Amino acid sequence: MKTIIIAMLALVGTSALAETIGPAGCGLGNLAFGGKDSQILASTTNGTSWSNVFGITSGTSNCEDADGMAKLDSFIESNKQALATDAARGDGETLASVAQILKCLNPGQMSQVIKENHTKIFSSDEAKSIGSNMRSVLAEEQVVCIRGA
Amino acid sequence: MKTAPSFFLSLVIFLCFECAHAKEATSTPEGFCKSSWQSSEQLNTLSQNPEWLRLLHFRRNQLRFSSEADGPDFFISSEGDRDPKAEMIATIDGLCSGVKRKLQYQRHVKEQAVACQFPARTRWLKSKISNLNFTEPSCPELDDWRHRHKAEAVRLVFSSYYANNPSSVFGHTLLRLDPVPTKSEVPSSPLLSSGINFAAEVGPLNPVIYALYGLIGLFPGRFTAIPYYYKVREYSDFDSRDLWEYELKLTPEERRQFVDHIWELGFTHYNYYYFTENCSYHLLTALEGAVPRLEASQNVPWWVIPADSVKAIVRSPGILGEVTFRPSLHRQYELRKERLNGTEFEVFQIIVRQRDLSRLDQIDESRRAIVLDAALDYWDFKYAKNLLEKDEDKAGFKQQLLKLRSQLPRTEPLVIVPPVRPDLSHNSARYGLYSESQSLENTTLGLELRFALHDWLDPQEGYPETAKIEFFRFKIDGLQAKEGRWGSTPQLADFSFFEVFLLSPLKADNRQFSWRAKLGADRRWGLGCEECLAFQLDLKGGGTLGFMNDRALLFALAGAQVRGSQEIDPSGFALVPTWTLGARFMMSTRWLAWTEYNREYLFGYSADDNWTAKAEMRYSPTLDYGFGVGWSGDGWKDENKALLQFYLYR
């Protein structure tokens, strides 16, 4: 009987509960998507969750910054693959998000410029370089973005 | 197994919140605070008001009347988790005195005045006690929270079933707060909204501990906040889970109260029980705390399945707004693939299999983009993890695809026809009556109970059509007729603690296994166990072929069962190799048939007789009930039975 219970527990443990495992997010020192764990959102928590709700408030989070630059970089970090694909197509939700972050007044034009300069912008796989390439391309092509300069 | 994460939020907003408060914040000598309010009769009634009880998360159960919130900081009175009046007195006392409480969590917030820690309670008390005047403290942290989470819309997000990852077979729910649009002309993108999530917080522990802790409530569950895009990437891109977004029609006051209430809940935790006080349940109670007109938590059973909680919320009168569907990356890929004609699909295959882009020239220039679009989505979903881990090989080829694609023009956006909404599906609990007859004189009548979720023959709308996901299913024989004489010896005939049975039709571009895992008990013969109840762990893998647009599925699986019973010779355990052949036919989403043939190899016994087989058909006139007929055979017992079933979904 004991064996049965342990076997059952083992199965539940590996399945049913896994959904609930591990908050990972802003303010935990590790952008969840950057984890080298093969599990997508690495559950590399440091044992606190207070910072999940309140880390944002405390200003230590890199997700929500008043300044659009840092925000763009963390957006790119988490959405890199989808953004690169959308950018090549010249259309998609991640481009709309970039337009919103940078406050580009003509999102369609912004998307077109990013598409045309895809190779240049995505020459690196580091979010920071992608972000700065993007901003400089947009500036060069005179796309009007309130936070873009 | 996947150490899947959880759910959370964040967001940006501008606009100062409620500057008006400060003005009315003058205390007057005649005010409530100055009166001898502690002895006021008013508090007796007020503290039993259901809205107050909901703000404190009280719930009555068989044992006691107390709050489900388990963090001590959530109560000002030491009796507060049991005595709503004591907590009301302590709250008013705190408001009137303006005292700042030191909170246990000192990482970010050291001290909070009562009005700052409990803005939702405060607002409610002020609405009930007209002359409750006190000096409003300044609350910089709360103001910041409100500033960032001033929501124009609240959406309940259901992340659909993902049967290939057993941890997510029941789906999941979270809430999304959409920001107030800024004055700039740029339309806001939902990706940048916040998600609010409730999840257990667990460290890296071994599975047995997980299970135990989850069942007996040793993990703290907390509300967290994370940008919605994290959840979209996780669910849509990596888990192939579609997301359903249900707008909740809340008034501006309700939305404000909700944002404030979530802030309050950030100061506490709940002991997380996997089946009852889980992710979905506490989203319900959080919503109800802020929106008293909701009656959702009364409308779910004591175990809470995410899809049921969605139903309970959206069926509350006047609450459901717009529903949007966000297809997973995998679904988008399927749609892109459907746009390809024969030659184009061939070229697509060559691109993703042989990484040969030269054949693209054979395709009409105007169609190259859609071939590359399909290839990109394929690459993104197939190699999501490799790309995340910066696998140079996979990333390098994607770079080539991107380069080519960026030189081609934009294409028409995909037209997405959503499947049936998950709230328009059969309820997950099922009650059944059955009869099994060898003849009229030899018949068994019994009762079946299933807590959740879905099987092959249930109405398919709103559920994955190629998966069986069952949890806690009991089949209990009740009345037996033997040679025409009726008697009653109730016995457990079959029990599933958990069963996942997934058929993945093999496709040229998708070679996924089909598999079955069942943990439970049943009654079989052999090994000295003559119809004894034996523990059963059954694991099988194999392949499925789909025909007629997957309306017909043929499968073959092989594997082994571990069976355990004291009566099994000699050790009490047996390992039984087994294989299964079967088919499922879907005439419509409500009319389905299933057939299977199983063979087992018991060592020391003749294999010839060790087979079981079954054929069943079920028709469900509505989502609430269905009828089944069938046949089952057992070679060991040399037995044929006619089956009749009636099921109710509740």
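Residues numbered from 1 in each chain as written. Chains lettered and ligands numbered in written order. Predicted model: local features only at pLDDT ≥ 70, side-chain atom pairs only at ≥ 80, totals over all residues.

Peer 1: In this structure, what is going on with the overall build of chain A? I would like to understand it.
Peer 2: On a plain count of helices and strands, chain A comes out with seven helices and zero strands. The helix and strand sequence of chain A, counted from the amino end, reads α-α-α-α-α-α-α. Scored against the burial criterion, the 149 residues of chain A give a buried share of 59%. Look at the contacts in chain A between residues 6 or more apart in sequence, and 49% of them connect residues 24 or more apart. (Helix = DSSP H or I, 4+ residues; strand = E, 2+ residues; numbered from the N terminus. Buried ≥ 20, exposed ≤ 12 C-beta atoms within 10 Å, placed from the backbone. Contact = placed C-beta atoms within 7 Å.)

Peer 1: How do you make sense of the nonpolar core when you look at a structure like this?
Peer 2: All names here are of chain B. Ranked by size, the top nonpolar core spans 151 residues in total, and within it Leu287, Ile313, Val371 and Ala375 carry the most contacts. The dominant element in this core, judged by the number of residues it contributes, is helix 14 (residues 365–382), at 10 residues. Filtering out sequence-adjacent residues up to four positions away, Leu287 remains in contact with Phe258, Leu294, Ala296 and Ile313. Of all hydrophobic cores here, the second largest spans seven residues; its members include Cys529, Ala534, Phe535 and Ala574. (Core = buried A, V, L, I, M, F, W, Y, C linked by C-beta atoms within 7 Å.)

Peer 1: In this structure, what is going on with the sheet that holds strand 12 (residues 430–439) of chain B? I would like to understand it.
Peer 2: Sheet strands pair via backbone hydrogen bonds, and the direction of the pair is either parallel or antiparallel. Taken in spatial order, the 12 strands close into a barrel running 12-13-14-15-16-17-18-19-20-21-22-23 (chain B), and their pairing is antiparallel. Adjacent strand axes in the sheet meet at a mean angle of 20 degrees, parallel and antiparallel pairs treated alike. (Pairing = 2+ DSSP bridges. Axes fitted to C-alpha atoms, helices over the stretch in contact; angles between N-to-C directions.)

Peer 1: What should I look at first to understand the sheet that holds strand 11 (residues 320–326) of chain B in this one?
Peer 2: Residue and element names in this part refer to chain B. The strand order 10-8-7-6-5-9-11 describes an open sheet built from seven strands, whose pairing is antiparallel. Two strands in the sheet have a free side with no partner beyond their single neighbour: strand 10 (270–272) and strand 11. The mean angle between the axes of side-by-side strands here comes to 35 degrees, regardless of whether they run parallel or antiparallel. As paired strands, strand 9 (residues 243–248) and strand 11 are joined by five bridges and run antiparallel to one another. Bridge pairing in strand 11 links Tyr246 to Val323. Against the sheet, helix 8 (residues 228–238) contacts strand 5 (151–159), strand 6 (172–179), strand 7 (194–200), strand 8 (219–227), strand 9 and strand 11, and its axis sits at roughly 105 degrees relative to strand 8. Of the strands in this sheet, strand 5, strand 6, strand 9 and strand 11 are in contact with helix 11 (residues 306–314), which crosses strand 5 at around 145 degrees.

Peer 1: It is not clear to me how the pairing of strand 19 (residues 573–588) of chain B should be interpreted in this structure. Could you clarify?
Peer 2: Residues and elements named next belong to chain B. Sheet analysis places strand 18 (residues 552–564) next to strand 19, joined by 13 bridges and oriented antiparallel. Among the inter-strand pairings, Gln561 is bridged to a residue of strand 19, identified as Val576. Bridge count for strand 19 against strand 20 (residues 591–600) is 10 bridges, and the pairing is antiparallel. By the bridge assignment, Thr580 is partnered in strand 20 with Asn598. The hairpin formed by strand 19 and strand 20 contains two residues between the paired strands.

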